[in-house]
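Each chain, written out:
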Amino acid sequence: MFERRPGAEDSEEEATIRGLLNQAGKRPDLPAAALAEIAAAARTSWQEQLATPLGARPAAERPWGGLDRSRPLVPRFAWGIAMAAVAAITVVSWWMAAGRSAGAVSARAARVYGWVQVEAPRAGTLELAEPVAMAAGDAVAVGSRLTTAGDGQPDAREAGGIALRMASGASLRLAQGTQMRLLSPGRVELERGAVYIDHADGQGESTRLQVVTPFGNVVEIGTQFSVRRSDGEASLEVRVREGEVQVVRRGGTERATAGIELLVAQDGSIRRREIASHGVDWDWVLERAPGFDIEGKTLGEFLGWVGRETGWRIELSPAAIDRAVSGIVLHGSTAGLRPDRAALVVLSGADLAGERVDGTLRVRLRQGDGG
């Protein structure tokens, strides 16, 4: 706790500092590595300030703000120290909050393809345990790091991928050669590779997911989108399939809606272009789609899933609509089939035919439907 010396009077700034530190209260000791990181950051900032003569700085960055030099400088510097204290408290609070939440279940593996490993946090800490192989159904805790093997692994491991179901209800899929860490139930850090997010119900701010990257944070707003660190991780690629995303970075916020790709370069420049919601660019997403259990489901429910997973527009002939609306109940399994291939199998079993034309799946009766 921060205590005043006997007989000493607090200035307004000192009182502010005292209040901030007293509110923080006594906390457990930080690990040496965390303390070293905080100290290094503070030292670098302080050295940068000392290395630049006050007169050479822009007026807005001088202690007196370039306005009134007659007032004492110490209170201004004291306020700067207060801000440093706030920053330190914020870092410590984040570390403690993360440490407390580490171990809480944040997601569960819906499907696992090839070689995927997880490094889970040790109980009550942010330190990671030894990596272990993932399997479908496994829980993933806050603080965990997931790694999927890519082509050309030196130990000849099979390229991997994983589909996750987040506690918020969102679906996440990791491409091969991806490394991602779950920072909290609503934040993931993409260290390399690509992640796809489908969060149809993520309309409220409290449930929105963020993908943290060195290029900025990608925030979803009830959408389907992918984020990839490409070109040797020298750029960030954000593709929006449905809804809207925001890329929040130091230079401001960039918005993108369905059918738009943003390419963020290291220098902060952004290029945008139009993209399709289906096709080869989304194939890896289909490969890792969680299965749809058709047993007892209606044809309409199944086609709704197909449309969302593939990005296709579903067009039914009049007779096919009658069949779907009448409530055809499906039986069997499509396990192991991609959504686009499962569609043709299920339609055939329902005496329907499907024809794909560009981004549209046309569904009709097998032997003519008069429509």
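Parameters and conventions
- Going along each chain's sequence as written, the residues are numbered from 1 onward.
- It should be noted that, the model being predicted, local features are given only for residues of pLDDT at least 70 and side-chain atom pairs only at 80 or more, the latter also being counted only at that level, while totals for whole chains, interfaces and linings use all residues.
- Processing note: side-chain calculations cover all non-hydrogen atoms of the structure and skip hydrogens and water entirely.
- What counts as a salt bridge is simple: a side-chain nitrogen of Lys or Arg found within 4 Å of a carboxyl oxygen of Asp or Glu.
- Every helix listed is a DSSP run of H or I at least four residues long, and every strand listed is a run of E at least two residues long, numbered separately from the N terminus.
- Working definition: with a 1.4 Å probe on protein chains only, accessible area under 20% of the residue-type maximum means buried, over 50% means exposed, and in between means partly exposed.
- For our purposes a nonpolar core is just a set of buried Ala, Val, Leu, Ile, Met, Phe, Trp, Tyr and Cys residues, chained together by side-chain atoms within 4.5 Å.
- The contact criterion used throughout is that any non-hydrogen atoms of two residues lie within 4.5 Å.
- A pair of aromatic rings is counted whenever rings of Phe, Tyr or Trp (Trp by its six-membered ring) have centres within 6.5 Å, and the orientation is called stacked for planes under 30 degrees apart, edge-to-face for over 60 and tilted otherwise.
- Geometrically, a charge over a ring is one whose NZ (Lys) or CZ (Arg) sits within 6 Å of the ring centre while staying within 35 degrees of the ring normal.

Asker: When you look at the pattern of salt bridges in this model, what are you seeing that I'm missing?
Answerer: Two side chains that carry opposite charge are able to pair once their charged atoms sit near each other. Across all of its chains, the model carries 18 salt bridges by this definition. Among the salt bridges present, the one from E309 reaches R173, with a minimum N-O distance of 2.8 Å. On the criterion of sequence distance, the pair formed by E309 in helix α5 (residues 299–310) and R173 in strand β7 (residues 171–174) is long-range, its members being 136 residues apart. On the basis of relative accessibility, which here comes to 5%, the residue E309 falls in the buried class. Residue classification places R173 among the buried residues on the basis of a relative accessible area of 0%.

Asker: When you look at unusual backbone geometry in this model, what are you seeing that I'm missing?
Answerer: Negative phi is the rule for most residues except glycine; trans is the rule for most peptide bonds. Its identity as a non-glycine residue notwithstanding, D351 has a phi of 60 degrees, on the positive side. Structurally, D351 can be placed in the loop between α7 (339–349) and β17 (352–357). A positive phi angle is found at D358, which is not glycine, with a value near 55 degrees. Along the chain, D358 turns up in the loop between β17 and β18 (360–365). On the accessibility criterion, D358 (65% relative accessible area) is exposed.

Asker: Honestly, the nonpolar core in this entry has me stumped. Any pointers?
Answerer: Within soluble globular proteins, side chains that are nonpolar generally end up buried alongside one another. Within the largest apolar cluster, 34 residues are counted, with the highest numbers of intra-cluster contacts made by L146, L164, L172, M180, V195, V211 and V218. Among the elements that line this core, the one with the most residues is strand β12 (residues 235–249), at five residues. The contacts of V195, once residues within four sequence positions are left out, are L172, R173, L174, M180, L190, V211, F225, S226, V227 and W284. Core analysis: the next-biggest nonpolar cluster, separate from the first, contains 21 residues, I294, W305, A343 and L347 among them.

Asker: Looking at this structure, how should I read the packing of aromatic side chains?
Answerer: Two aromatic rings are characterised by how far apart their centres lie and by the angle between their planes. Using the criterion set out here, one finds four aromatic pairs in the structure. Between F302 and W305, the aromatic rings sit 5.9 Å apart at their centres with planes inclined by 40 degrees, giving tilted as the arrangement. With F302 and W305 both in helix α5 and three residues apart, this pair spans about one turn of that helix. Side by side, F302 and W305 carry an identical accessibility label, which is buried. Put simply, the rings of F292, F302 and W305 pair up and form one aromatic cluster. Just above the ring of F292 sits the side chain of K297; from NZ or CZ to the centre is 6.0 Å.

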